[in-house]
Amino acid sequence: MTIYTVAGGKGGVGKSSVAGELLAGLARAGRKPIGLDLDQQGNFTSWAGVVDETTIYGHTAELLEGEATLQDAATDSPTIPGTSIIVGTHKLSDLTVQDVPDLATGLRDYLRGGTEPWSDVVIDTPPSLAGVTITALVAADIVIAPVSMEREALEQLNRLEEVLRTKVGRRMRPGARIDWVVPTRFRTGGVMAREILEELQQTYGDRLTTPIREDVKVREAYRSPRRPGRPVTIHAPTTRASQDYIEAIGTIIRAGANS
Ligand SMILES: Nc1ncnc2c1ncn2[C@@H]1O[C@H](COP(=O)(O)OP(=O)(O)OP(=O)(O)O)[C@@H](O)[C@H]1O
Ligand SMILES: [Mg+2]
């Protein structure tokens, strides 16, 4: 069993898209993954095809509070065959250490007790490096940091590294670090995007996946009023972002299996 946590303090860099693609990629690889949406915005939930009409059995705040098990709270993904999701709701914003004293370590300890019938866990986090994101980083076997191709890309990653070294690594999970950097929304023609990619290559070397190109099909794959959301690799499997995701996610999954 491998626990993958997708994190990065900045908003809108592609965390939830990457989480959705990882869930789909693990299913394609013959695994049976479950997603945990720790963001109250619920975008990972939407990428997994859950809509207002979907019958929900529980949500991630209940899981963190110990009021529901994985099995109680799991919903079969309507659009990613063979996967399940535990939805994120606004109730996540109410969680405090007063109510949940083991907020930082409880999820890790719970998941280590077994995740049957699921083979792997994919956790999406909110655009913050505090609160439930710490919970998810402590629980992780593999930390994945999507990064948008902007000037402050390295700064974003440095902040996450710092949190992993201090808040997570010092006592709760020694050795915690960013395992994978996934460059997102890559514009192939842009000089700046290429410069940033080179910088990332120098710093992260073989921990950098192939970049995911900017592609309108990604936006289109997300839910519309007429249709539930789905990963772009399911919505439009031959489009360029899908090709990139298949390669990037494949690299991450194969490395996980080898370690
Ligand atoms: N490769 C891409 N090409 C075009 N649009 C993309 C691409 N990747 C992501 N997007 C779009 O960027 C927006 C943000 O993506 P996403 O929700 O995955 O980011 P996030 O980091 O989870 O955001 P938040 O911090 O709000 O949770 C979405 O509208 C998504 O459709
Ligand atoms: Mg998100």
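These remarks concern the structure in this document. Since the model is a prediction, treat every value here as computed from it, not as a measurement. (Residues numbered from 1 in each chain as written. Chains lettered and ligands numbered in written order. Predicted model: local features only at pLDDT ≥ 70, side-chain atom pairs only at ≥ 80, totals over all residues. Heavy atoms only, no water.)

Comments concerning the overall build of the protein
Stage number 1. When its secondary structure is counted, the protein shows 11 helices and seven strands.
Stage number 2. Against the 2.2 N^0.38 benchmark of 18 Å for 259 residues, the protein shows a C-alpha radius of gyration of 17 Å, consistent with a compact globule.
Stage number 3. Burial statistics for the protein: of 259 residues in total, 55% are counted as buried.
Stage number 4. Counting only contacts in the protein whose residues sit at least 6 apart along the sequence, the fraction spanning at least 24 positions is 76%.
Stage number 5. On the protein, roughly 11500 Å² of surface is accessible, and the fraction owed to carbon and sulfur atoms is 48%.
Stage number 6. Each charge sign in the protein was given a centre, from 29 positive and 33 negative side chains, and these centres are 5 Å apart. (Helix = DSSP H or I, 4+ residues; strand = E, 2+ residues; numbered from the N terminus. Rg over C-alpha atoms; globule rule 2.2 N^0.38 Å. Buried < 20%, exposed > 50% of the residue type's maximum accessible area, 1.4 Å probe, protein only. Contact = heavy atoms within 4.5 Å. Areas by Shrake-Rupley, 256 points an atom, 1.4 Å probe, with all protein chains shown as cover. Lys, Arg positive; Asp, Glu negative; His and termini not counted. Charge placed at Lys NZ, Arg CZ, Asp CG, Glu CD.)

Describing the environment of Ile123
Stage number 1. Looking at the secondary structure, you find Ile123 in strand β5 (residues 120-124).
Stage number 2. Owing to a relative accessible area of 0%, Ile123 belongs among the buried residues under this scheme.
Stage number 3. Not counting residues up to four positions away in its chain, the partners in contact with Ile123 are Ile3, Tyr4, Thr5, Val6, Leu36, Leu38, Leu107, Ala136 and Ala139.

A few points about the site of ligand 1
Stage number 1. Gly12, Lys15, Ser16, Ser17 and Asp215 are the nearest of the 18 residues found near ligand 1.
Stage number 2. Between ligand 1 and Asp215, the relevant distance is 2.9 Å, taken from a nitrogen atom to a main-chain nitrogen or oxygen of the residue.
Stage number 3. Here Arg219 contributes a side-chain N or O atom positioned 3.3 Å from an oxygen atom of ligand 1.
Stage number 4. When isolated, ligand 1 has an accessible area of 640 Å², and the protein chains bury 89% of it. (Near = heavy atom within 4 Å. Polar contact = N/O pair within 3.5 Å; in protein donor to acceptor, adjacent residues only side chain to side chain.)

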